[in-house]
Amino acid sequence: MLLEDGDPARRREQRANGEVSSTSCPEGTGDPPAQGTPAPDDSTMEALAEGWEPGPALGDGDMTPRGILQRAGQHEEALMAELAELVQKVVKNSSWWDRHGVDISILACSFLLLPAGFLCLRSAQAIPFLAGVLILGVVHHTLAVKGSHLASHNVLAESKSWGKVWAIFFIELCSAFTAEQATYSHVKIHHGYTNVIGLGDSSTWKLPFLNCYIYMFIAPLAVPIITPLVALGLLRNVEWTAALRTLCCIFLGLYCHYWLLLNVSGFQSLWSALLCMLLTRSLLAHPYIHVNIFQHIGLPMFAADRKPKRIHLMSLGVLNLPRNALLDWSFGHSLISCHVEHHLFPSLSDNMCLKIKPIVSQYLKQKKLPYNEDTYTSRLRLFLQRYEELMVHAPPITELVGIQ
């Protein structure tokens, strides 16, 4: 069981039932450490469960506190190994189409929709013009969010060289960010230290100086502007060759978008084209921000030296949202309805996360482990009601008294 600040009895009951606590502690403040900070390696497909290592053997007669803790750790490692074996069987029996093809096809279809979007913007009529905005907005977020996320985990290709190419294309050219820093902060830190205070606690998404309603409903419109500015600030942490490449890719991606609006869509002025760029690139910025905070903030947080083993860390600190056709297409299953599966097995594609979802959910529930699920509207209501607690104040640390 777990103990947190405030109403421990209720929290213990909720953890035992595997429910999402409406009074769970919020995320912490502070940015991820510099790129030199040690972090766990991102495993390949052969090691689906990253961060899992078997513990030392222990005699049955060791009843000291240390011995009890070691046996508990071995039990958790055995659970993770058993779940990983079940998932590995599914992966081995899956075709290339299941492992890569479905998601690559979604990205390819998005590219094919680009001409239709730019041509619709030529119309002087409202409905075709709005259709063009919708098409370009969905395409942009599919490439910038889904494509970048898959590329950061090297899921789009089994070759590491091609994986690097796709990471540069989707993260830098499409998203206007830096590939090295995006991969490091997301894969190494966020996944390696999920919900660990000061490391992978999603604190980079917190802006405590903003009012609740400004943060939730107005600030997301500035994401297309803030993203390249943040990327420029992070370039000091990478080699000069990578920084130069990033600058060129960001400029090329933004300029191509602007050039197509002028020469294909027929925009007549600089400001009208820039406004359209802002509109399409921020079309799904609200759910993008919301999803990133809903699925971790408000769940248990841990100290780096007092965190549970991997299977408990991910089952306690990650939440799934319901399936949504638009967000599933634009963001991917691993960011929406299969986020728990993604954090347990981050080397799997969106489609594979969806495929193993019944196995993971059934296994965690069978072993009496939390499998957190909640609706988008429920989480939105929670954050609006408890914004100060969840997004402004530092969270309490969950104490591990014992895990059933």
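Rules used throughout
- Residues numbered from 1 in each chain as written.
- Predicted model: local features only at pLDDT ≥ 70, side-chain atom pairs only at ≥ 80, totals over all residues.
- Heavy atoms only, no water.
- Helix = DSSP H or I, 4+ residues; strand = E, 2+ residues; numbered from the N terminus.
- Buried < 20%, exposed > 50% of the residue type's maximum accessible area, 1.4 Å probe, protein only.
- Polar contact = N/O pair within 3.5 Å; in protein donor to acceptor, adjacent residues only side chain to side chain.
- Contact = heavy atoms within 4.5 Å.
- Phe/Tyr/Trp six-rings, centres within 6.5 Å; stacked < 30°, edge-to-face > 60°.
- Salt bridge = Lys/Arg side-chain N within 4 Å of Asp/Glu carboxyl O.
- Axes fitted to C-alpha atoms, helices over the stretch in contact; angles between N-to-C directions.
- Parallel < 35°, antiparallel > 145°, perpendicular 65-115°, else oblique.
- Nonpolar A, V, L, I, M, F, W, Y, C, P; charged D, E, K, R; others polar.

Engineer: Report on the side chain of Thr142, specifying residues and quantitative values.
Structural biologist: Along the chain, the position of Thr142 falls in helix 4 (residues 126-152). Of the residues examined, Thr142 reaches a relative accessible area of 0% and is grouped as buried. Only 2.7 Å separates the side chain of Thr142 from the backbone oxygen of Val138, close enough to count as a polar contact. With residues up to four places along the chain from it excluded, the contact list for Thr142 reads Ile106, Leu107, Ser110, Gly147, Trp329 and Ser330.

Engineer: Provide a residue-level description of the packing of aromatic side chains, including the pertinent values.
Structural biologist: Going through the model one piece at a time under the given rule, you end up with 14 aromatic pairs. Considering the side-chain rings of Trp205 and Tyr288, the 5.5 Å spacing of their centres and the 80° angle between planes classify their relative orientation as edge-to-face. In this pair, Trp205 sits in the loop between helix 6 (179-191) and helix 7 (212-218) while Tyr288 sits in helix 11 (residues 285-294), placing the two residues 83 residues apart along the sequence. Overall, the relative accessible area of 23% leaves Trp205 in the partly exposed class. For the pair Tyr215 and Tyr387, a centre-to-centre distance of 5.9 Å together with 45° between the ring planes defines the contact as tilted. Here Tyr387 lies in helix 17 (residues 387-392) and Tyr215 lies in helix 7, a separation of 172 residues in the sequence. Put simply, the rings of Phe111, Trp162, Trp166, Phe169 and Phe170 touch in pairs and so form one group of aromatic residues.

Engineer: If you had to explain the environment of Tyr376 to someone new, which residues and values would you point to?
Structural biologist: Inspection of the secondary structure puts Tyr376 in helix 16 (residues 376-385). For Tyr376, a relative accessible area of 24% translates into the label partly exposed. With 56 residues separating them in the primary sequence, Tyr376 and Asn320 have C-alpha atoms 9.6 Å apart. Beyond its immediate chain neighbours, meaning those up to four positions away, Tyr376 contacts His286, Pro287, His290, Val291, Phe294, Leu321 and Pro322. At 2.6 Å, the side chain of Tyr376 and the side chain of His290 are in polar contact.

Engineer: Can you explain the pattern of salt bridges? Please cite residues and give values.
Structural biologist: Enumeration over the complete set of coordinates arrives at eleven salt bridges. Across the salt bridge formed by Glu172 and Arg245, the nearest N and O atoms sit 2.6 Å from each other. Placement of Glu172 in helix 5 (residues 160-174) and of Arg245 in helix 9 (residues 240-263) is noted, with a sequence separation of 73 residues between them. Among the ionic pairs, Arg245 bridges to Glu180, the shortest N-O distance being 2.7 Å.

Engineer: Mind laying out the packing of helix 4 against helix 10 (residues 270-281), listing which residues take part and the relevant values?
Structural biologist: Two numbers describe how helix 4 lies on helix 10: the axes approach to 8 Å, and their chain directions differ by 60°. In this view, helix 4 runs oblique relative to helix 10, as classed from their interaxial angle. On helix 10, the residues that touch Val133, Leu136, Gly137, His140 and His141 of helix 4 are Leu279, Thr280 and Arg281. For the contact of helix 4 with helix 10, a count of residues per class yields three nonpolar, four polar and one charged.

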